[in-house]
Amino acid sequence: MIPEIGHFALLAALAVALIQVALPLLGVWLGRPRWMEVAVSAAQTQFVLILVAYLCLTWSFIDMDWSVAYVASNSHSQLPLMYRISAVWGAHEGSMLLWVLILAGWMTAVSVFNERLPRDVLAMTLAVLGAISIGFLLFILLTSDPFARQFPVPLDGRDLNPLLQDPGLVIHPPLLYMGYVGFSVAFAFAFAALLSGRLDAAWARWTRPWTTTAWLFLTLGITLGSWWAYHELGWGGWWFWDPVENASFMPWLVGTALIHSLAVTEKRGLLKSWTVLLAILAFSLSLLGTFLVRSGVLVSVHAFASDPTRGVFILEFLAVVLGTAFMLYAWRAPKLARSGELNLMSREGLLLFNNVFLVVASAAVLIGTLYPLFVDAFDLGKISVGPPYFNMVFLPLSAPLVFLVGIGTVMGWKQARLGDALRRLRVPFVIALLVGLSLPWLLHRKSELMAMAGTFLAVWAMLTALVDPWQRIRAKKNRWFGLRQVPRAIWGMSLAHFSLGLWVLGLSFVSLYSVERDVRLGPGQSVELSGYTFAMEGVQHYAGPNFDADRARFTVSRDGRVLAELDPEKRRYRAQGSMMTEAAVDHTPMRDLYVALAEPLENGDWAVRVYYKPMMRLVWLAGVLMALGGAIAISDRRYRLASATRRAAVAGGAEAAA
């Protein structure tokens with residue numbers, strides 16, 4: 001009965017979504033305010049219905065209802081409760097249900113927190129989001145029904161993919177989807193602005209916090225996915241330019257460009273058509289990522305689906321949504337007047353350069369991801385585009401971008417004096433140069449050119465991120481008062497840019513100074529690596545809730561002093577017979593010591609991988625701090641004032657009506 005309720009809730013949500021699209025648009029066209037207001041209640045009703053469907057599927061997993069094919073395929077009676085709950089989004093059908101639930105959540109948030117919008121703009125925005133929801137609800141109901149029954153009913157399930165039985169994967173997909181789907185809000189605002197012809201600083205101010213929120217969730221999702229791959233896959237890598245990794249990285253790059261372009265449109269009224277285009281592209285790449293992951297055209301540890309019917313549906317939906325958006329853009333964009341002249345020697349000029357580098361980088365990743373698919377589709381052979389291509393293309397684009405970020409933070413709006421900016425940057429430049437030349441040698445007794453360049457750029461980005469808030473504080477006689485007067489948007493921007501430098505520093509050292517060895521070890525044997533001794537004490541067998549494991553004990557020491565005890569595991573999951581590696585890592589801010597069991601050998605020996613990875617923690621710390629910077633920025637005073645003004649206006653209107 002529960003699955004049938006869930007299926008009916010999805011059908012009802014589809015009916016409500018149709019109303020959410022049709023009635024408000026007719027209201028805008030015919031000038032009927034009450035019809036426009038239907039969009040708000042329809043969006044909230046749709047969220048409740050999809051939430052009911054999601055909870056029904058969750059209960060089916062908790063209750064172990066093997067008559068539901070999706071539950072039987074992705075759960076098992078021995079699966080721990082935490083993973084039974086997360087198994088709801090552990091494969092294709094459930095992950096798409098999570099997608100539409102999050103989309104409905106974004107719609108509800110827009111309907112609740114945007115009542116200050118002009119009525120017609122809010123109605124059109126929610127109608128666009130409703131149209132997207134219709135497409136995905138149809139996709140679920142026609143090709144990916146998570147409530148489909150099966151007969152005969154199996155005695156037990158086939159278990160969740162062992163790769164997904166990890167705490168990181170419990171929260172990674174929701175975070176990633178919050179980012180993916182969040183860009184639909186920016187897309188809907190852009191679409192509504194093109195329809196209404198109302199694209200100005202106010203539009204940018206409406207759109208900016210929503211875009212930043214989506215971006216920070218995507219940042220956290222990518223960071224957590226990298227952390228999961230590092231710990232779970234057992235080969236010590238944290239980014240391999242996997243096509244599905246790229247599918248999330250491309251909208252992140254364009255979303256980053258969109259945030260900066262929105263700042264220019266809000267502050268100066270410039271780059272309007274470019275900003276709208278970026279909003280369309282960010283969501284386009286999110287949909288493209290959905291197609292790549294769900295269509296079966298990719299082979300990846302991250303990919304879910306392998307049904308071409310689903311791929312065709314998503315591709316057709318992608319063509320309809322983006323075709324409509326780009327046609328509307330081609331019609332309206334030439335009519336968007338700008339309110340001033342763009343001076344390249346200004347903050348907005350450098351932000352434009354920032355945008356160009358980010359979009360070109362995204363295009364380079366897109367070409368590297370799709371080119372092998374096109375070659376295969378036209379029977380031209382099979383090729384693989386891997387890290388050498390991406391590193392070769394991405395590095396020349398990212399290095400000047402990081403350098404320009406440092407300059408852009410001290411440039412003024414409209415027209416800046418380059419000499420004044422350079423004077424402000426003298427001290428950060430000299431310090432970054434000295435640290436860049438010395439730090440690699442001091443830490444590793446090696447001064448590779450790439451390490452020195454990476455350290456210089458990292459310290460440059462971190463120091464220049466502090467220049468703007470420091471100057472604002474110095475301008476006040478009372479430094480404490482000056483500290484409190486710095487807007488949160490400035491603190492958020494500075495933290496995000498500081499985190500970029502931290503990320504470059506970690507990336508430079510872990511890429512250039514990592515050391516790894518594949519060795520054969522038995523109990524009582526040890527291996528030396530970068531001054532550390534990894535001694536294997538022994539191996540014990542134990543039984544987990546749904547797996548059997550061999551757990552080794554390693555003692556890591558240096559100069560006779562024990563630093564850590566590590567317990568890597570090799571697990572065999574009973575239901576599927578799959579073998580999984582659980583690496584063990586000792587973390588400090590300056591280095592990771594990483595041990596993974598590979599394969600058992602004769603005489604009780606094991607093939608073992610040991611790694612020394614300097615500054616690995618900085619890569620993930622930077623991602624978390626970058627997202628925190630985004631959160632601080634969207635809590636800025638001007639957004640809170642706008643919210644207070646909106647509430648006062650609503651209250652005043654209610655009193656007048658009374």
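Quick caveat, the model's predicted, so the values are computed rather than measured.

Topic: the overall build of the protein chain
Alright, step 1. When you go through the protein chain residue by residue, the secondary structure sums to 19 helices and 10 strands.
Alright, step 2. Scaling as 2.2 N^0.38, a compact globule of 658 residues should have a C-alpha radius of gyration of about 26 Å, and the protein chain matches this with 27 Å.
Alright, step 3. With the C-alpha coordinates of the protein chain rotated into their principal frame, the extents come out at 85 × 75 × 55 Å.
Alright, step 4. Excluding contacts between residues fewer than 6 apart, the proportion of contacts in the protein chain whose partners are at least 24 apart in sequence is 73%.

Some remarks on the packing of helix α17 (residues 488-513) against helix α18 (residues 616-634)
Alright, step 1. Viewed as axis vectors pointing N to C, α17 and α18 meet at an angle of 165°, and their least axial separation amounts to 7 Å. By the criterion of interaxial angle, the relationship of α17 to α18 is roughly antiparallel. When you trace α17 past α18, the crossing you get is left-handed.
Alright, step 2. For the contact of α17 with α18, the per-class residue count stands at 20 nonpolar, four polar and one charged.

Concerning the sheet that holds strand β9 (residues 591-600)
Alright, step 1. What the four strands build is an open sheet, ordered β1-β10-β9-β8; its pairing is antiparallel. The sheet is open, and its two borders are formed by β1 (515-521) and β8 (584-587), each paired with just one other strand. Taken over all neighbouring pairs, the strand axes of this sheet differ in orientation by 15° on average, direction set aside.
Alright, step 2. With four bridges connecting them, β8 and β9 associate as antiparallel partners.

Structural notes on the packing of aromatic side chains
Alright, step 1. Counted under the stated rule, the structure contains 30 aromatic pairs.
Alright, step 2. Aromatic pair W99 and F136: ring centres 5.2 Å apart, planes at 35°, arrangement tilted. With W99 in helix α5 (residues 92-113) and F136 in helix α6 (residues 119-143), this pair connects stretches of sequence that are 37 residues apart. There is no split in this pair, since W99 and F136 are both buried.
Alright, step 3. Between Y594 and Y611, the ring centres sit 5.0 Å apart and the planes meet at 90°, which makes this aromatic pair edge-to-face. Of this pair, Y594 sits in strand β9 while Y611 sits in strand β10 (residues 606-614), and the two are 17 residues apart along the sequence.

A few points about the domain arrangement of the protein chain
Alright, step 1. Here the domain parsing of the protein chain yields domain 1 (1-160), domain 2 (417-512) and domain 3 (515-617).
Alright, step 2. Counting residues at the interface gives seven residues for domain 1 and six residues for domain 3.
Alright, step 3. The junction of domain 1 with domain 3 conceals about 490 Å² of combined surface from both sides, 45% of it contributed by carbon and sulfur atoms.
Alright, step 4. When the buried surface of domain 1 facing domain 3 is broken down by residue, Q78, P80 and D159 rank first, second and third, together holding 70% of it.
Alright, step 5. Across the contact surface, domain 1 and domain 3 share zero salt bridges.
Alright, step 6. Viewed at the interface, domain 3 and domain 1 are joined by three residue pairs in polar contact (both at pLDDT 80 or more).
Alright, step 7. When the residues that make up the side of domain 1 that touches domain 3 are grouped by side-chain class, the tally is three nonpolar, two polar and two charged.

Re the environment of L457
Alright, step 1. Here L457 is to be found in helix α15 (residues 449-474).
Alright, step 2. Relative accessible area serves as the criterion here: at 14%, L457 is assigned to the buried category.
Alright, step 3. For the pair L457 and L433, spaced 24 residues apart in sequence, the C-alpha to C-alpha distance is 8.7 Å.
Alright, step 4. With near-sequence residues (within four places) excluded, L457 lies in contact with A399, V402, F403 and V504.

About the cut-offs
- Residues numbered from 1 in each chain as written.
- Predicted model: local features only at pLDDT ≥ 70, side-chain atom pairs only at ≥ 80, totals over all residues.
- Heavy atoms only, no water.
- Helix = DSSP H or I, 4+ residues; strand = E, 2+ residues; numbered from the N terminus.
- Rg over C-alpha atoms; globule rule 2.2 N^0.38 Å.
- Contact = heavy atoms within 4.5 Å.
- Axes fitted to C-alpha atoms, helices over the stretch in contact; angles between N-to-C directions.
- Parallel < 35°, antiparallel > 145°, perpendicular 65-115°, else oblique.
- Left-handed = near helix turned anticlockwise from the far one by under 90°.
- Nonpolar A, V, L, I, M, F, W, Y, C, P; charged D, E, K, R; others polar.
- Pairing = 2+ DSSP bridges.
- Phe/Tyr/Trp six-rings, centres within 6.5 Å; stacked < 30°, edge-to-face > 60°.
- Buried < 20%, exposed > 50% of the residue type's maximum accessible area, 1.4 Å probe, protein only.
- Domains from an automatic or database assignment.
- Buried area = accessible area lost by both parts, 1.4 Å probe.
- Salt bridge = Lys/Arg side-chain N within 4 Å of Asp/Glu carboxyl O.
- Polar contact = N/O pair within 3.5 Å; in protein donor to acceptor, adjacent residues only side chain to side chain.

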